[in-house]
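Listed below, chain by chain, are the residues.
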Number of protein chains: 2
Amino acid sequence: MSITTALMRMFGLRYPIIQAPMANAAGGDLAREVARAGGLGMIGTGSRATPAWLEGEWSKLEGAGPVGVGFMTWALDRMAEQRHLLTHALGLKPAAVLLSFGDPRPYIPAIRAAGAKVICQVQTVADAELAASAGADLLVAQGTEAGGHTGQVSTLPLLAAVLRAVADVPVAAAGGIADGRALAGAIAMGACGAMLGTRFVATPESLYHPQAKERILRASETDTELTPVFDLVQGIPWPAQYRGRALVNDFTQRWHGREEALKANLEQARQAYEAARREADFRTLAVYAGQSVGQITAIAPAAELVRQIGEEAITLLRR
Amino acid sequence: MSITTALMRMFGLRYPIIQAPMANAAGGDLAREVARAGGLGMIGTGSRATPAWLEGEWSKLEGAGPVGVGFMTWALDRMAEQRHLLTHALGLKPAAVLLSFGDPRPYIPAIRAAGAKVICQVQTVADAELAASAGADLLVAQGTEAGGHTGQVSTLPLLAAVLRAVADVPVAAAGGIADGRALAGAIAMGACGAMLGTRFVATPESLYHPQAKERILRASETDTELTPVFDLVQGIPWPAQYRGRALVNDFTQRWHGREEALKANLEQARQAYEAARREADFRTLAVYAGQSVGQITAIAPAAELVRQIGEEAITLLRR
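(A) Representation of the overall build of chain A. The number of helices and strands found in chain A is 16 helices and eleven strands. Rg of the C-alpha trace for chain A: 18 Å, near the compact-globule value of 20 Å for 319 residues, within the 12% margin. Taken over the C-alpha atoms alone, chain A extends approximately 60 × 40 × 40 Å along its principal axes. Counting across all 319 residues of chain A, residues that qualify as buried make up 63%. Taking contacts inside chain A between residues at least 6 apart in sequence as the whole, the part at least 24 apart equals 66%. When the accessible area of chain A is evaluated, it comes to approximately 11700 Å², of which 49% is carbon and sulfur surface. Positive and negative side-chain charges in chain A, numbering 30 and 30 respectively, have mean positions lying 2 Å apart.

Written out as structure tokens, the structure is:
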């Protein structure tokens, strides 16, 4: 018996695995290695990515296989530079564009017209229904245990509810998935695959700083916090319903839950944050990571992870 | 192909389903109906349950099949009445005793000596390892999406990590599971079954007030909050790491995130809470429910739910 899902058919994949388009982690090297191994690679654009940066990362793909690009929908709404970047990205003919964190409807026609698949990542059932009716080709139900920015509902109940609510668009799971077990669980529920972020941060190919990767290897499943404090200190205007899950560090211990005090001391905190950035001091800087972080104890090449996680899931599903 | 798991063998069950021992919801009627249908029924003791109450509920079982009793470990530590209640419960010869929220080691020998299986519900990998090494017969990995009191880690990454860490004790999943899909997902990951709470609250047999059940039917997956405010106002000394997941209502909107202000106005808030209790006013009173609440749209008999969820899971796992 072999396993084939709607996700695999859509992109011609060997494994039902999408690598998350993590800002500051997912560049061309990571996307290429995932795509070569048979998953869907993704390049992540943060709020500061430029066309030149994207083009540089894209040039690393060397015809690897299907690769997409991810965008934050709220940033497309608010920033002309982001809309320009999307137009530029579509010119590169990506296999897919992933939209998350906002109303995708204004951007879907141009993406489809460019021949890319539309992937909408959603954090609630209402947003899943909106994206499905707007013509998304694929939904990703992202649970609160995911690393980076996410919503409030956990993957398992969100996935169950989205699968029940949306019958005609394939749904992948994201959040808390770092091994073949969890991937098999999502597929047994009816998902067409899973999107993994944190697991792919701890690879040689990810753009995270080596010390950030080290912190990920040391962290346990209880060492993350879903918090707005890193957005506040950096002045990134994320909508309030999306906070970022990061490793607990000195900065979260000082400010998380004390956001009013942080706002009252913002200039001082911002200077300290910028100083930490210059020194790559992750006692202060954000290390975005999900609750699967406790299972990640070694750096491993992305291509090897795709094969290992995919094969483990297939073995479990055959039992 | 039929499905048999370690949980089913341990208690002679038809389905790999445990009904959670929810305080103020899980009495003898609910436990009996679950057990008759082939699941493991449980009676829940709150911090105010008495031997007379437990005996009354136990008398409703009428030889239904395997039924256990649940205890809060921190309450056993702190309250002589709770330890007395445990001794009394063991005299009733339950099939199992479930311990959660604390170090189970002091209580395991007496439970085993009484011939009951020891079920330890855990919220972290460290607690899973402790319970396994202390001789638990079964672990329940409870995610943060569960209703009532719980920890911070979501079911999916917690289950994956516990299954990896503990090889020699069967592990069931709890939190976010209300249908056969999620049960199938947990079993595909390697769990021996699942414990369901919120789904069994919305039954004719549960002890929740009809208006509380009505609120559960109307709530969506985003309508819960993990909060200490109901413990604060009732003066129930839960350890800080365990907060209660309840439906958002006027009380949570007023006090959640403003716990210091609640403490400063405690006497007044307590009087208002007691008044709401007399009037069964759930704009103020806690309705504990998990994030699976959005999937629950009708009251259904517990026995029917056991069969329907069990059969749906078996069908999915056969595919």
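Picking up where we left off.
(B) Structural detail: helix α3 (residues 51-58) of chain A. Residues and elements named next belong to chain A. By the burial criterion, the buried members of α3 are L54, E57 and W58. Viewed end-on, α3 has its buried residues packed into an arc of 100°, placing them on one side of the element. Tucked inside the fold, the buried residues of α3 contact α2 (28-37), β2 (41-44), β3 (67-72) and α5 (80-91).

(C) The arrangement of the relation of the copies chain B and chain A in detail. Rotating chain B by 180° and moving it 0.0 Å along the rotation axis overlays it on chain A with an RMSD of 0.0 Å. The transformation just described matches what one would write down for a two-fold rotation axis. Every residue of chain B has its C-alpha some distance from the rotation axis, and the shortest such distance is that of G185(B), at 2.0 Å. Both copies present the same face, since 100% of the interface residues in chain B are matched by interface residues at the equivalent positions in chain A.

(D) Local environment of the sheet that holds strand β2 (residues 41-44) of chain B. All names here are of chain B. Read from one edge to the other, the open sheet built from eight strands follows the order β1-β9-β8-β6-β5-β4-β3-β2, with strand pairing classed as parallel. Edge positions in the open sheet fall to β1 (17-19) and β2, since each of these has one partner strand only. Each adjacent strand pair in this sheet contributes to an overall mean axis angle of 30°, direction not counted. The pairing of strand β5 (residues 117-122) with strand β6 (residues 138-142) spans four bridges and is classified as parallel. Within the sheet, the bridge partner assigned to V122 lies in β6 and is A141. Each of β1, β2 and β3 (67-72) touches helix α2 (residues 28-37); the most contacted strand, β2, lies at about 170° to it.

(E) Geometry of the interface of chain B and chain A. The interface is formed by 32 residues belonging to chain B together with 32 residues belonging to chain A. Buried area between chain B and chain A, summed over both chains or domains, comes out near 2700 Å², and the portion from carbon and sulfur atoms is 59%. Where chain B touches chain A, the interface holds four salt bridges. Between E312(A) and R164(B) there is a salt bridge whose closest N-O contact spans 3.8 Å. Looking at the side of chain B that touches chain A, the elements with two or more residues in it are α8 (155-165), α9 (180-189) and α16 (302-318) of chain B.

(F) View of the packing of helix α3 (residues 51-58) of chain B against helix α5 (residues 80-91) of chain B. All names here are of chain B. Across the interface, α3 lies against α5 with an axial gap of 10 Å and an inter-helix angle of 30°. Here α3 lies roughly parallel to α5, going by the angle between them. Considering only the axes of α3 and α5, their crossing is right-handed. For the pair formed by α3 and α5, the contact residues are P51, L54 and E55 on the first element and H84, L85, H88 and A89 on the second. Tallied by class, residues from the contact of α3 with α5 come to four nonpolar, two polar and one charged.

(G) Quick look at the side chain of R32(B). Residue and element names in this part refer to chain B. Note on placement: R32 falls in helix α2. With relative accessibility at 12%, the residue R32 sits in the buried group. The contacts of R32, once residues within four sequence positions are left out, are K60, L61, E62 and A64.

(H) Representation of the nonpolar core. In terms of nonpolar packing, the biggest core is built from 242 residues, with L139(A), F200(A), I216(A), L139(B), F200(B) and I216(B) touching the most fellow members. Excluding residues that lie within four positions of it along the chain, F200(B) makes contacts with I17(B), I18(B), Q19(B), M22(B), L30(B), V34(B), S206(B), A302(B), L305(B) and V306(B).

(I) Representation of the packing of aromatic side chains within the structure. Residues and elements named next belong to chain B. Under the definition given, this model contains 16 aromatic pairs over all chains. On the numbers, 6.3 Å between centres and 75° between planes, the contact of F230 with Y288 is edge-to-face. Linking F230 in helix α12 (residues 229-234) with Y288 in the loop between α15 (266-279) and α16, this pair joins segments that are 58 residues apart in sequence. In this structure F230 comes out as buried when scored by relative accessible area, which is 0%. Ring centres 6.4 Å apart and planes at 75° place the aromatic pair W238 and Y242 in the edge-to-face group.

(J) Region of interest: the environment of P301(B). Note on placement: P301(B) falls in the loop between α15 and α16. In this structure P301(B) touches T203(B), P204(B) and E205(B), once residues within four positions along its chain are discounted.

(K) Expanded view of α2(B). All names here are of chain B. Burial analysis of α2 places eight of its ten residues in the buried class, the great majority of the element. Among the residues of α2, those classed as buried are G28, L30, A31, R32, E33, V34, A35 and A37. Looking at the buried side of α2, the elements it contacts are β1, β2, α3, β3, α10 (198-201) and α16. Where α2 terminates, the next one or two residues include G38, which has phi positive at roughly 110°.

(L) Examining the environment of G143(B) more closely. Residue and element names in this part refer to chain B. When you line up the elements, G143 lands in the loop between β6 and β7 (148-150). Separated by 158 residues in the primary sequence, G143 and P301 have C-alpha atoms spaced 25 Å apart. Other than its neighbours up to four places away in sequence, G143 contacts T150, V153, S154, T155, L158, A174 and G175.

(M) Here's a closer look at the confidence of the model for chain A. Averaged over every residue, the pLDDT of chain A is 97; the share at 70 or more is 100%. Across the assembled chains, the prediction reports ipTM 0.96 with pTM 0.97.

(N) Expanded view of the sheet that holds β3(A). All names here are of chain A. The eight strands are arranged β1-β9-β8-β6-β5-β4-β3-β2 in an open sheet whose pairing can be described as parallel. Only two strands of the sheet have a single partner each, and these edge strands are β1 (17-19) and β2. Each adjacent strand pair in this sheet contributes to an overall mean axis angle of 30°, direction not counted. Note: strand β8 (residues 171-174) against strand β9 (residues 194-196), two bridges, orientation parallel. Bridge pairing in β9 links A174 to M195.

Conventions used here
- Residues numbered from 1 in each chain as written.
- Chains lettered and ligands numbered in written order.
- Predicted model: local features only at pLDDT ≥ 70, side-chain atom pairs only at ≥ 80, totals over all residues.
- Heavy atoms only, no water.
- Helix = DSSP H or I, 4+ residues; strand = E, 2+ residues; numbered from the N terminus.
- Rg over C-alpha atoms; globule rule 2.2 N^0.38 Å.
- Buried < 20%, exposed > 50% of the residue type's maximum accessible area, 1.4 Å probe, protein only.
- Contact = heavy atoms within 4.5 Å.
- Areas by Shrake-Rupley, 256 points an atom, 1.4 Å probe, with all protein chains shown as cover.
- Lys, Arg positive; Asp, Glu negative; His and termini not counted.
- Charge placed at Lys NZ, Arg CZ, Asp CG, Glu CD.
- Arc of directions from axis to C-beta.
- Least-squares fit on C-alpha atoms with pLDDT ≥ 70 in both.
- Pairing = 2+ DSSP bridges.
- Axes fitted to C-alpha atoms, helices over the stretch in contact; angles between N-to-C directions.
- Buried area = accessible area lost by both parts, 1.4 Å probe.
- Salt bridge = Lys/Arg side-chain N within 4 Å of Asp/Glu carboxyl O.
- Parallel < 35°, antiparallel > 145°, perpendicular 65-115°, else oblique.
- Left-handed = near helix turned anticlockwise from the far one by under 90°.
- Nonpolar A, V, L, I, M, F, W, Y, C, P; charged D, E, K, R; others polar.
- Core = buried A, V, L, I, M, F, W, Y, C linked by side-chain atoms within 4.5 Å.
- Phe/Tyr/Trp six-rings, centres within 6.5 Å; stacked < 30°, edge-to-face > 60°.
- pLDDT = per-residue confidence, 0-100.

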